[in-house]
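Inside the fold
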Amino acid sequence: MQNILYIILGLTLLIAGGDWLLKSAVAISYRLNIPKIVVGMTVVSFATSAPELIVSIKAALNGSPDLALGNVVGSNIANLGLVLGVTVILGAIDVKKTFYTTDWPVMMLASLLFFGFIYTDGVIEQYEGIIMVVFLFAFLVYLLRFQKKAVEEDIDEEDETPLELYKVVLFLGIGGVALWGGSELLINGAVGLATLYGVSERVIGVTVVSVGTSIPELAASIIAILKKEKAISVGNLIGSNIFNLLAVLGITSIITPITVVDQGLLDFDIFWMLGISFLILPLVFVPKGLRLGWRDGIILLGIYITFVYLTVS
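Along every chain, residues carry numbers that run from 1 in the direction the sequence is written. Only residues with pLDDT of at least 70 get local features here, since the model is predicted, and only at 80 or more are side-chain atom pairs given and counted; chain-wide, interface and lining totals rely on the full set of residues. No hydrogens and no water enter the side-chain calculation; it runs on all heavy atoms of the structure.

1. Some remarks on the environment of Ser49
- Checked against the element boundaries, Ser49 lands in the loop between helix H2 (36-48) and helix H3 (50-61).
- Sequence spacing of Ser49 and Val248 is 199 residues, and the spatial spacing of their C-alpha atoms is 7.4 Å.
- For Ser49, the residues in contact, after removing those within four places along its chain, are Phe243, Asn244 and Val248. Numbering of helices and strands starts at the N terminus; helices are DSSP runs of H or I of at least 4 residues and strands are runs of E of at least 2. Only heavy atoms enter the contact rule, under which two residues are in contact if any of them lie within 4.5 Å.

Printed below as a string of structure tokens:
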């Protein structure tokens, strides 16, 4: 019971901390007169990946690399299977052209790069982490130069409301502490739960931890659909997957190399991640071009439920 309490409290702190960090980071960017497009592509993206990043770094440094890897692989599967699945069941989403010209190809490239690095020797070395981060920055530079309009459309207008300076400092401080404390509690609870039930840290990572760190995206998607506001774009979720692979795993492996402990991650999880990532492309075009509807949502959610069932059993 104590481990479950740690996990719930840890996830609560991570979600709140990520939100506070995002608010303060955006406010600082506007105070420094950084262009809106740069804010959207760098500050917002990095801040929303902060919970996954902190959890992965802490897990790797604490000698739990499977939690770090499971968190990212599981989050990527959850973003497409659970979050996107539930969202399009509640309401259809029109997909932009940038999906097949930029977003999806880069996600597949990032996924295959990760697969190539980890599958050959079961380790992401520091130099491989550097390659991943360089690839991420090259992608950001490309977006800023050639995809400005698409990026600007995805930035939330409400982020432009200026925050008072003391609030910026307060949110930054509290957000940082909440992220660190939340990661400590989450990892302690996850490792404790794995030990107690005799399952591997990888199983806890790809199920409990990854779903927890995907909750903000799921909540935002459901609220947007229920309020009949501009639906969350597929590009946002794919962008989150790209950042999870290149920024979270890249930065973590630069700090300390990540070694696979549970072979199931290489034999099972990574192929599910590649499979669901690839499947998004035909789903977007069939049966109706550039649109995801409730049938697609049922397929995606069904795949995610099957993945979790097979992982746990």
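Anyway, onward from the coordinates.
2. Regarding the packing of helix H11 (residues 264-285) against helix H12 (residues 294-312)
- Interaxial angle, 0 to 180 degrees, is taken between N-to-C directions of lines fitted to C-alpha atoms, where a helix line uses only the stretch in contact. Remark: H11 packs on H12, axes separated minimally by 11 Å, with the N-to-C direction vectors making an angle of 175 degrees. Judged by the inter-axis angle, H11 sits roughly antiparallel to H12. Residues Phe268, Asp269, Trp272, Ile276, Leu279, Ile280 and Leu283 of H11 touch H12, and the partners they reach there are Asp296, Ile299, Leu300, Ile303, Thr306, Phe307, Leu310 and Thr311.
- All amino acids are sorted into three groups, where Ala, Val, Leu, Ile, Met, Phe, Trp, Tyr, Cys and Pro are nonpolar, Asp, Glu, Lys and Arg are charged, and the leftover types, Gly among them, are polar. When its residues are assigned to classes, the contact of H11 with H12 shows 11 nonpolar, two polar and two charged. For this classification, under 35 degrees means roughly parallel, over 145 means roughly antiparallel, 65 to 115 means roughly perpendicular, and everything else is oblique.

3. Some points on the nonpolar core
- Formed by 58 residues in total, the largest nonpolar core has its most connected members in Leu69, Leu84, Phe114 and Leu249.
- Elements with a minimum of two residues in this core: H3, helix H4 (65-90), helix H5 (98-121), helix H6 (126-146), helix H9 (201-226), helix H10 (234-255), H11 and H12.
- Top element by residues in this core is H4. It accounts for 11 residues.
- Leave out the neighbours within four places in its chain, and Leu84 touches Asn79, Ile93, Val234, Leu237, Ile280, Leu292 and Leu300.
- Side-chain atoms within 4.5 Å are what join buried Ala, Val, Leu, Ile, Met, Phe, Trp, Tyr and Cys residues into a set we call a nonpolar core. Only protein chains enter the area calculation, which uses a 1.4 Å probe; residues under 20% of their type maximum are buried, those over 50% are exposed, and those in between are partly exposed. Ranked by size, the runner-up nonpolar core spans 18 residues in total, among them Ile7, Ala68, Ala190 and Leu193.

4. Details of the pattern of salt bridges
- Should a side-chain nitrogen of Lys or Arg be within 4 Å of a carboxyl oxygen of Asp or Glu, the pair is scored as a salt bridge. Under the criterion given, the structure shown has five salt bridges.
- Salt-bridge contacts for Lys58 lead to Glu184; the nearest nitrogen and oxygen are separated by 2.6 Å. Of the two residues, Lys58 is situated in helix H3 and Glu184 in helix H8 (residues 165-197); the sequence distance between them amounts to 126 residues.
- Relative accessible area serves as the criterion here: at 9%, Lys58 is assigned to the buried category.
- Judged by relative accessible area, Glu184 falls into the partly exposed class, the value being 27%.
- Put simply, Asp262 and Arg202 hold a salt bridge, and the shortest N to O gap is 3.6 Å. Of the two residues, Asp262 is situated in the loop between strand S3 (258-259) and H11 and Arg202 in helix H9; the sequence distance between them amounts to 60 residues. Here Asp262 matches Arg202 in class, with each residue buried.

5. Digging into H12
- Given a helix with a known number of residues, its expected span is that number minus one, times 1.5 Å. Counted at 1.5 Å a residue, the expected span for H12 with its 19 residues is 27 Å, and the 27 Å between its end C-alpha atoms agrees.
- When we look at burial in H12, the residues that qualify are Asp296, Gly297, Leu300, Tyr304, Phe307 and Thr311. Each buried residue of H12 lies within a common arc of 105 degrees when the element is viewed along its axis, so the set occupies one face. Across from the buried face of H12, at angles greater than 90 degrees, the exposed residues are Arg295, Ile305, Tyr309 and Val312. The reported arc concerns the directions from the helix axis to the C-beta atoms and nothing else.

6. So, unusual backbone geometry
- One non-glycine residue, Leu290, adopts positive backbone phi at about 55 degrees.
- By secondary structure assignment, the location of Leu290 is in the loop between H11 and strand S4 (291-292).
- A relative accessible area of 26% means that Leu290 is categorised as partly exposed.

7. A short note on H6
- Between its terminal C-alpha atoms H6 stretches 30 Å, which fits the 30 Å expected from 21 residues at 1.5 Å a residue.
- Three or more residues of H6 are buried, namely Glu128, Gly129, Met132, Val133, Leu136, Phe139, Leu140 and Leu143. Down the axis of H6, the sector holding all buried residues measures 140 degrees, keeping them to one side. When the buried face of H6 is taken as reference, the exposed residues oriented beyond 90 degrees from it are Tyr127, Val134, Arg145 and Phe146.

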